[in-house]
Each structure stands twice: as C-alpha cells, then as structure tokens.
Amino acid sequence: MTLPFYNYFTHGKKDENTYMSSSWPGLLLSAHKRHIRALSSQPAQALSSAVYGGGMLELDRVFNIYVDKHYRCDDPPRDIEQALVEWQERTEQCAGLLTAVRLEHTSIQEYTCDAFGLLCCTTAGVSNAARAGSERTVFDAYGEKHQATASTLRGTEAVSAAYDRHIGTDISDTSNKASSNTSSTFSYVPGTINIMLWFNGQITPGAMVNAIQTAVEAKAAALADAGIMDSENGLTATGTTTDAIVLAVRQTEHESQPLHTYAGTATALGAAIGRLVYDTVTESLQAGLHWKERRGQGDNDI
C-alpha cells in the first residue's frame, strides 16, 4: 500500500501509523495527529529548501506538518520550532515542512537495487498551482505584491528590482501595481507539494543538486499529465507557489556500491528518482481529487 497512513487518519487504526523503510535500514516514518515524521537511526547529509532547517546540513529527522489552508504567519520557522518543543522533539539537526494537504494522502514509494536504495515521501495539493516563467502575481523579498509581465520577466531591470524598491521603483507596471497595504505575510503560505527523498548510497554534492533537478522535472511532468493549470493564466502548471523538497543522503561506503556523480534523466539513479517522484505526486493528487470530488469541489481546490 502506498498511502500507508490512510487508515490511521480516516479509520482511527492506531496500529497503522508507522512505515519501516526497506531501502534505508533504520529509517522509520510515523504518522501523528498534526505531522508525519521521518526518523533515521543515523545522521544524513541533506540538501533542502525546507522553511525550517533549509540549506545544506546534517539531520536525522524531517517533519511534514499540517496547517490549515488559511494559515498565515510572518515567522513560520518560529511556529515549527514551537511545535517541535510541544512534541518534545529536539529542535536541531532536523528539517520542517508545512502543508495544507490532508496527511492521509501521504504517498510513499521505494526502490532498491545493488547500487543504491531510494525512498520518496510526498504530499501533493494544487490549490496554488503555478507555472514557472509565466506572467502572474509575484512577491518581492519584502513581501510586496506585484504583477510580473512579459517585459519585467525578460528585461534586465528585473534583476535589481527588489533593491530598487528602496528608491521607489517597482517590478510591475503602474497599472498593475498592487495596493500598498498588502500584508507582507501573504507570501508565506504552507508548502503544497512537499517531497522527501531519502537516498541510501554514495553520491557527490553536484549529483545531489542534479537529483533535486530531476525530482522537480518529474513533479512538473506529473502535474502536466494530470491537467493541472495555473489558475491565474490557464497555462499548464509546473508546480505550486510554495513547493519544498528535502534530499537526505546516507552516504554508505560499501565497496560494492558505486559513487554517483550524476543523477539526471539518463542515469539509473535519475530514472528511479523521476519514477518515484512522478508516481507519489500523482497518487497523492489523485487521493486529494477523489476526496474533493465527493464534496463537489474543483481540481485546483486540493
């Protein structure tokens, strides 16, 4: 079963709240009232865009935390830290993600071969689906709302737009300029497609970046095949406005396992990443769509 926590959340089956990885020895994923926790028995090297614990770090836990879809806050890392303290978890050596996706729609799939093992855990919703590179509403580094047009997307003035704000300029055309009282917290909304990749093998830092690139391509392909559109312009979505990803690497040092220096779509590793990401995004989306269909809501409401 690839929605391992479905019965825990929907039918109250308390004995179905854990998932033991077959590809990463000692990796345990568990479901709780407000979060999914992935816990490794040993620290891993990680590269992450997580709102809490993002960047390059060593970690042994990743949390995917449920919040209401109307959640707004000027300091999400603070909220995550407070939640960890409440759950009596250590606040260091971990990453925290936020999601408005129902946690029973968490999809987990694995792949194991002689060269590596891989686990992918995904929650996917598309209420804020967006297409990268398209004309749409954007927010600058100060949380101010603008309209990115073809001219600002292509023009050289867009490169320094955030800094030009100090002297009164704007990345948007005057006719598209948002109200000046737009809240700076508006851009901080929970990540809608959250992906955890746990890689058991040897890999270079460059290939770690390559692995994330491949995962993002697979996510975009899954959304395209599902017919998900950017609600602002009707174009095929490539993601959502608040996606996040964590890649954790065990870095085994067995002579029988090769060092992976590439993770693109032409590699066996990249193929596995792409397949697991595509399948988990698709499955989590379908679970959400079926849930919404029973309530008469649209595709982009999940």
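Higher on the page you've got the structure.
In this report, the structure presented in the accompanying data block is examined. Nothing here was measured: the structure is a model prediction, and the numbers come from that model.

Within soluble globular proteins, side chains that are nonpolar generally end up buried alongside one another. By size, the foremost hydrophobic cluster in this structure holds 34 residues, and its most contacted members are Leu197, Ile273, Val277 and Val281. Elements supplying a minimum of two residues to this core: strand 7 (117-124), strand 11 (193-200), helix 5 (205-225), strand 14 (244-249) and helix 6 (268-293). For this core, the leading source of residues is helix 5, giving 8 residues. Not counting the four nearest positions on each side in its chain, Val281 is found in contact with Thr122, Ala124, Ile193, Ile195, Lys219, Ala222 and Leu223. Ranked by size, the runner-up nonpolar core spans 25 residues in total, among them Ala46, Ile108, Val246 and Ala248.

Looking at the element boundaries, Ser48 is found in strand 3 (residues 35-48). Within the local environment of Ser48, its side chain forms a polar contact with the backbone nitrogen of Ala50, the two atoms lying 2.8 Å apart. For Ser48, the contacting residues outside a window of four places in its chain are Gly53, Gly54, Gly55, Ile245 and Val246.

The next subject is the pairing of strand 3. Residues in a regular strand point their side chains to alternate faces of the sheet. As judged from the 5 bridges shared by strand 2 (residues 27-31) and strand 3, these two strands associate in the antiparallel manner. Looking at strand 3, one finds that Leu29 is bridged to Ala38. The antiparallel hairpin formed by strand 2 and strand 3 contains 3 residues in its connecting segment. Of the pairings in the sheet, the one linking strand 3 to strand 4 (residues 55-66) comprises 10 bridges and is antiparallel in character. Residue His35 lies in a different strand from strand 4, and its bridge partner there is Ile65. Here strand 3 hands over to strand 4 after 6 residues, with Gly53 in that stretch at a positive phi of 80°. Bridge count for strand 3 against strand 14 is 4 bridges, and the pairing is antiparallel. The residue of strand 14 that forms the bridge with Ser48 is Val246.

We now examine the packing of aromatic side chains. The tally for this structure, following the rule as stated, stands at 4 aromatic pairs. A centroid spacing of 4.8 Å and a plane angle of 80° characterise the contact between Tyr8 and Phe9, whose relative ring orientation is edge-to-face. Take Tyr8: its relative accessible area is 14%, and that puts it in the buried class. Ring geometry for Tyr111 versus Phe116: centroids 5.7 Å apart, planes at 45°, classification tilted. In this structure Phe116 comes out as buried when scored by relative accessible area, which is 3%. Three or more aromatic residues joined by ring pairs make a cluster, and in this case those are Tyr111, Phe116 and Phe199. A cation over a ring is seen here: Arg275 above Tyr111, with NZ or CZ 5.3 Å from the ring centre.

Cut-offs applied
Residues numbered from 1 in each chain as written. Predicted model: local features only at pLDDT ≥ 70, side-chain atom pairs only at ≥ 80, totals over all residues. Heavy atoms only, no water. Core = buried A, V, L, I, M, F, W, Y, C linked by side-chain atoms within 4.5 Å. Buried < 20%, exposed > 50% of the residue type's maximum accessible area, 1.4 Å probe, protein only. Helix = DSSP H or I, 4+ residues; strand = E, 2+ residues; numbered from the N terminus. Contact = heavy atoms within 4.5 Å. Polar contact = N/O pair within 3.5 Å; in protein donor to acceptor, adjacent residues only side chain to side chain. Pairing = 2+ DSSP bridges. Phe/Tyr/Trp six-rings, centres within 6.5 Å; stacked < 30°, edge-to-face > 60°. Lys NZ or Arg CZ within 6 Å of the ring centre and 35° of its normal.

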